[in-house]
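# Structure assessment
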Amino acid sequence: MNTDAIYALERPEPALWRLYLIRSILSGPAVFITLPMLWFRYYTLRYRFDAEGIHMKVGILFRREVNVTYARIQDIHLSSGIIQRWLGLADVQIQTASGTAGAELTIEGFHQSEAIRDFLYARMRGARDKSPSTPPALPHAAEVGGDEVVTLLLGIRDELRETRALLATRPETGSPALPPPLFPPASPAGDDHV
Amino acid sequence: MYNAFRAACERVLRIPHDPTPPPGDEAGAQVFRAAPAYFKYRLVLWGLRTAFALGFGLLLLVGLNLALLNDRDVPPLVRTSVLVATSLPFLLLLAHTVFSLAILRLDYEKRWYVVTDRSLRVREGVVTVREMTVTFANIQNVAVVQGPIQRALGLADLQVETAGGGSAHANEKQLGPNLHVAWFRGIANADEVKTLIQDRLRRLKDAGLGDRDDHAPPAGAAPAFLDALRAVHAEARALRLAVSSGQ
């Protein structure tokens, strides 16, 4: 199942309505309350998968919209009761690091629940980096450039040494070979500019 | 007999196939299973529960019917019907007990704890099948929990927690356990699994929330690098001395 097929998912399948029907019948006398509630839920439930995250909209009087970015997904649950498995459904429950014990977003009503799980897994935090067994080395100055850093430092030392040798051999004053200092020393600390 | 029951359950309950490691991580996957002692442990708990329930039921049944038998005024028809009516729930309880024992066995067999290089996957359950996938990057802490009976049997539960959790005041109503915890129930090698998970966590720099600690030695550790720095420093100082003495 490819990415486009997941992006195309929007409405839950009619099997979800059958599941809701069975559930509300099993709820006994409460059926008169749960059946319309679940029917509206089924009727208004919309999912949208895009490049950044999952968006779920549900509700007719009290609307609720949940947006979860893939990178914030902490763990993915796939859970299914007997009736759900008979209907070929499963809940994909998605959690972020929020303070609730329950799932932030539940994707229900799709036969492709395992494909959705794998799709989300490939995008969640910690699964996207494709080289887990060789973590990048910590920035270690002597290792970053390796020998190059040492070579460069030695080069600077040699430059300094030659400059000093030149200074030692130059005529004492009034030499035309040396330009005037860029920053004329105003104080003894002015030596640092040279 | 049990095998037939298992086959029937797999068919009727539509128990999904064995879990596969998350895609892309099949190479380093290790599968852990509940230890045989875990079945014994559940059996002990089941035995205690069953003894209590059946004992109570039997007491009620015998007590009620003895009271009726001793009462001469009750017509035999009523007596028989009461006997049947009270035995029926008891028989149901008995059947449920046997069924729950078989489910217990199946539940023990249908447990998988998969650890890959990058993630964990825990599958459990027979009637309600639950599967949790979490990457190491999201794991906050790992705990080993052991009760007295479990200690006697050499078992432990490994608890892997992610951020969040707390009371179930979700906006969506949620019945059931805290979804922020992955349980490796009834494993005999909890310490080994814990070490494995901790090793893999250590290799991940950004596991969990919060700032990471760099335990790397400071940059100057390489001797060649230090020597070169010292040489440059000495040269720079000599240059300054030469300049200041020249003026």
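Please read these numbers as outputs of a predicted model, since none were measured by experiment.

### Side note on the overall build of chain B
A count of helical and extended segments in chain B gives six helices and seven strands. Start at the N end of chain B and walk to the C end: the helices and strands fall as α-β-α-α-β-β-β-β-α-β-β-α-α. Buried positions account for 22% of the 247 residues belonging to chain B. A fraction of 67% describes how many contacts in chain B between residues 6 or more apart in sequence connect residues 24 or more apart.

### Digging into the overall build of chain A
Each helix and strand in chain A was counted, giving seven helices and six strands. Its helices and strands taken in sequence order, chain A reads α-α-α-β-β-β-β-α-β-β-α-α-α from the N to the C terminus. Across chain A, contacts joining residues at least 24 apart in sequence account for 46% of those joining residues at least 6 apart.

### Section: the nonpolar core
The biggest cluster of nonpolar side chains holds 29 residues, and the ones touching the most others in it are A:Ile76, A:Val92, A:Leu120 and A:Met124. Broken down by secondary-structure element, the contributors of at least two residues to this core are α2 (14-26), β1 (46-49), β2 (53-58), β4 (75-80), β5 (91-95) and α5 (113-121) of chain A. Ranked by residue count, the leading element in this core is α5(A), at four residues. If we skip the residues at most four places from it in the chain, A:Ile76 touches A:Val92, A:Ile94, A:Arg117, A:Leu120, A:Tyr121, A:Met124 and B:Thr133. One finds B:Val122, B:Ala137, B:Ile139 and B:Leu153 within the second-largest nonpolar core, a separate group that totals 26 residues.

### Side note on unusual backbone geometry
Not every positive phi belongs to a glycine, and B:Arg14 is a case in point at roughly 50°. Structurally, the position occupied by B:Arg14 is in the loop between α1 (2-12) and β1 (30-32).

### What to know about the sheet that holds β1(A)
Residue and element names in this part refer to chain A. Taken together, three strands build an open sheet; the order of strands is β1-β2-β3 and the sheet is antiparallel. Lying at the two open borders of the sheet, with one neighbouring strand each, are β1 and β3 (64-69). Looking at each pair of strands side by side, their axes are set apart by 10° on average, direction ignored. Inspection of the sheet shows β2 paired to β3 by six bridges, in the antiparallel sense. Counted as the bridge partner of His 55 is Asn 67 from β3.

### Some remarks on the confidence of the model for chain B
All names here are of chain B. For chain B, per-residue confidence averages 83 on the pLDDT scale, and 87% of positions sit at 70 or higher. Within chain B, the lowest mean pLDDT, 84, falls on helix α6 (residues 223-246), and the highest, 92, falls on strand β2 (residues 112-115). Confidence over residues 169-174 falls short of pLDDT 50; this stretch has eleven contacts with residues more than four positions distant or in other chains.

### Some points on the sheet that holds β4(A)
The sheet built from seven strands is open, its strands ordered β6(A)-β5(A)-β4(A)-β4(B)-β3(B)-β2(B)-β1(B) with antiparallel pairing. Looking at strand neighbours, the two that pair on one side only are β6 (105-107) of chain A together with β1 of chain B, the edges of this open sheet. Strand-to-strand twist in this sheet, taken as the mean axis angle between neighbours without regard to direction, amounts to 15°. Sheet analysis places strand β3 (residues 119-124) of chain B next to strand β4 (residues 129-135) of chain B, joined by six bridges and oriented antiparallel. What sits directly across from B:Val122, in β4(B), is B:Met132. Of the strands in this sheet, β4, β5 and β6 of chain A together with β4 of chain B touch α5(A), which is tilted by about 175° from β4(A).

### Overview of the confidence of the model for chain A
Residues and elements named next belong to chain A. Per-residue confidence for chain A gives a mean pLDDT of 80; residues scoring 70 or more make up 77%. Confidence drops under pLDDT 50 across residues 130-138; counting only partners more than four residues distant or on other chains, this segment forms nine contacts. In this model residues 189-194 is a low-confidence stretch, pLDDT under 50, and it forms nine contacts with partners more than four residues away in sequence or in other chains.

### Considerations on the pairing of β4(A)
Of all six residues making up β4(A), six are buried, and the element is well covered by its neighbours. Neither face of β4(A) is left uncovered, since the one carrying A:Asp75, A:His77 and A:Ser79 and the one carrying A:Ile76, A:Leu78 and A:Ser80 both have all their residues buried. As judged from the six bridges shared by β4(A) and β4(B), these two strands associate in the antiparallel manner. What sits directly across from A:Leu78, in β4(B), is B:Glu131. Relative to β5(A), β4(A) is paired through five bridges, and the arrangement is antiparallel. Bridged to A:Leu78 within β5(A) is A:Val92.

### As for the pairing of β3(B)
Residues and elements named next belong to chain B. In terms of burial, β3 is largely enclosed, as five of its six residues are buried. In terms of strand pairing, β2 meets β3 through four bridges, oriented antiparallel. Note on β3: the bridge partner recorded for Trp 112 is Arg 123. Between β2 and β3, which pair antiparallel and follow one another directly, the connecting turn spans three residues. Taking the residues that link successive antiparallel strands as the turn, the β3-β4 hairpin has four residues, and the phi of Gly 125 there is positive, at about 105°.

### Looking at helix α5 (residues 190-203) of chain B
Given a rise of 1.5 Å per residue, 14 residues ought to cover 20 Å, and the 20 Å separating the end C-alpha atoms of α5(B) matches this to within 8%. Packed against the buried residues of α5(B) are β1, β5 (139-145), β6 (156-162) and β7 (181-187) of chain B.

### Some words on the packing of α1(B) against helix α3 (residues 76-109) of chain B
Residues and elements named next belong to chain B. With their axes 11 Å apart at the nearest point, α1 and α3 run at an angle of 75° to one another. Looking at the two axes, α1 sits roughly perpendicular to α3. Seen from α1, the contacting residues are Tyr 2, Phe 5, Arg 6 and Cys 9; seen from α3, they are Ala 102, Arg 105 and Leu 106. In the contact of α1 with α3, the residues fall into five nonpolar, no polar and two charged.

Criteria and thresholds
- Residues numbered from 1 in each chain as written.
- Chains lettered and ligands numbered in written order.
- Predicted model: local features only at pLDDT ≥ 70, side-chain atom pairs only at ≥ 80, totals over all residues.
- Helix = DSSP H or I, 4+ residues; strand = E, 2+ residues; numbered from the N terminus.
- Buried ≥ 20, exposed ≤ 12 C-beta atoms within 10 Å, placed from the backbone.
- Contact = placed C-beta atoms within 7 Å.
- Core = buried A, V, L, I, M, F, W, Y, C linked by C-beta atoms within 7 Å.
- Pairing = 2+ DSSP bridges.
- Axes fitted to C-alpha atoms, helices over the stretch in contact; angles between N-to-C directions.
- pLDDT = per-residue confidence, 0-100.
- Expected span 1.5 Å × (residues − 1).
- Parallel < 35°, antiparallel > 145°, perpendicular 65-115°, else oblique.
- Nonpolar A, V, L, I, M, F, W, Y, C, P; charged D, E, K, R; others polar.

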